[in-house]
Amino acid sequence: MAASTEHAALPSASSDSDDGDEAAGPRIPDTPRDIRLEAVANTVAAHPSRDVLVCGDVDGDVYAFAYSRAEGENRELWSSGHHLKSCRQVRFSEDGLKLFSVSRDKAVHMLDAERGRLVTRIRGAHRAPINSLLLVDENIVATGDDGGTLKVWDMRKGSAVMDAKHHEDYISDIAVDDAKRILLTASGDGTMGVFNIKRRRFDLLSEYQSGDLTSVALMKRGKKVVCGSSEGTVYIFNWDGFGATSDRFALRAESVDCVVPVGDDIICAASMDGYIRAVNILPNRVIGCVGQHVGEPVEELAKSWDSRFLLSCGHDQLVKFWDISALAATVVDEYRKRKKKDGRMKSLSKKAFGESSFFSGLVEEPQKKEEKEEEVDDSDSD
């Protein structure tokens, strides 16, 4: 069932306005208002050249919204109920004209992104529910399922050109290098898979890490690969050194469920605890908190086409917007500073911690003395 358009313009819990500005007239907020949905959204994707987003929910519905910072300007463009079960991931084509979605119903759908009209459906694309999706180029699509199978599709033929099962558990995320040659998969079995899609072959699995690998992204101009994990640790691999990690960094978070690169050095990492942290990679630092879904797990992050906003969806049935326009320019010093005694994270946006008390939720879990000393004295390995 489609969400009513009024849901697209519900007020957000924002502290952007000041009492002293009311007499001067309405003030345009720093970010668009939150979008409230009728069900939990599993996935969100941003249009590559317009202020448009698409999200898919646990009921199998897909929605498109136009967003704006102007008062009441968020509006629903269309909705699609073609999936029979939960929609797991949505992705725009590079030109923004097509939209791809995968679902627990094991189907791959291609939609007209302008109208939400179903163009192509591949029924029974996998034997297990499909969990992850990546567009390699305008014709090649990669999908990963709950059983650990990776498939690469040529959408011109509507058939798989590569079918590989080397993971023992679900494939949580997929990434590809700029040359569109090497495909990387993160899996619930704790390994990262490496596939050569030009030669259509499996290359290797990394060593096992503790916990599920939940996300994968390329950093440092393609020289590093970063994986998030269910244990709250970020694992770092050298390019062409995929067998073993070169570094690891514990965020003191419940998990690192999804990551989005912001520039070459910084990622935004979302967790089951609801926080979205900005993290610098090498030197490894938690810069601060971009925002949060209060008390609710965050399902997915996306970056707007102009890199001004970070979009997030969580179990609170909200799609939220965070101002990250200044984040990419942040410079992190090599020197490791001593943490504050109360363990506070720095707020990186006006509404990072919601409308209530500014310091609510700021304090992370207390750390042992020896852990704090290690945080001060140890140097980053590479």
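Coordinates for the structure precede this section.
**Here's the deal with the overall build of the protein chain**
Move 1: Helix and strand content of the protein chain: one helix and 28 strands.
Move 2: Here the protein chain holds 382 residues, and the buried ones make up 54% of them.
Move 3: A sequence separation of at least 24 residues applies to 48% of the contacts in the protein chain between residues at least 6 apart.

**Observations regarding the side chain of Lys-320**
Move 1: Relative to the elements of secondary structure, Lys-320 occurs in strand 28 (residues 318–323).
Move 2: Within polar-contact distance, the side chain of Lys-320 engages the side chain of Asp-34 at 3.2 Å.
Move 3: Excluding anything up to four places from it in sequence, Lys-320 contacts Asp-34, Gln-292, His-293, Leu-310, Leu-311 and Ser-312.

**Concerning the pairing of strand 6 (residues 87–92)**
Along any regular strand, the residues point their side chains to alternate faces of the sheet.
Move 1: Strand 6 sits mainly inside the fold: five of its six residues count as buried.
Move 2: Strand direction decides the pairing type here: strand 6 and strand 7 (residues 98–103), joined by five bridges, are antiparallel. Note on strand 7: the bridge partner recorded for Phe-92 is Leu-99.
Move 3: Linking strand 6 back to strand 7 in an antiparallel pair, the connection comprises five residues, with Gly-96 at a positive phi of about 75°.

**Re unusual backbone geometry**
Move 1: In this structure, Pro-283 follows Leu-282 across a cis peptide bond, with omega equal to 5°.
Move 2: Within the secondary structure layout, Pro-283 lies in the loop between strand 24 (275–280) and strand 25 (285–292).
Move 3: The residue Lys-106 is not glycine, and still its phi comes out positive at about 75°.
Move 4: Here Lys-106 lies in the loop between strand 7 and strand 8 (108–112).
Move 5: With a phi close to 70°, Asp-240 is a non-glycine residue in the positive phi region.
Move 6: As for its placement among the helices and strands, Asp-240 is situated in the loop between strand 20 (233–238) and strand 21 (247–250).
Move 7: Residue Asp-240 is classed as exposed on the basis of its relative accessible area of 66%.

Rules of the game
Residues numbered from 1 in each chain as written. Predicted model: local features only at pLDDT ≥ 70, side-chain atom pairs only at ≥ 80, totals over all residues. Heavy atoms only, no water. Helix = DSSP H or I, 4+ residues; strand = E, 2+ residues; numbered from the N terminus. Buried < 20%, exposed > 50% of the residue type's maximum accessible area, 1.4 Å probe, protein only. Contact = heavy atoms within 4.5 Å. Polar contact = N/O pair within 3.5 Å; in protein donor to acceptor, adjacent residues only side chain to side chain. Pairing = 2+ DSSP bridges.

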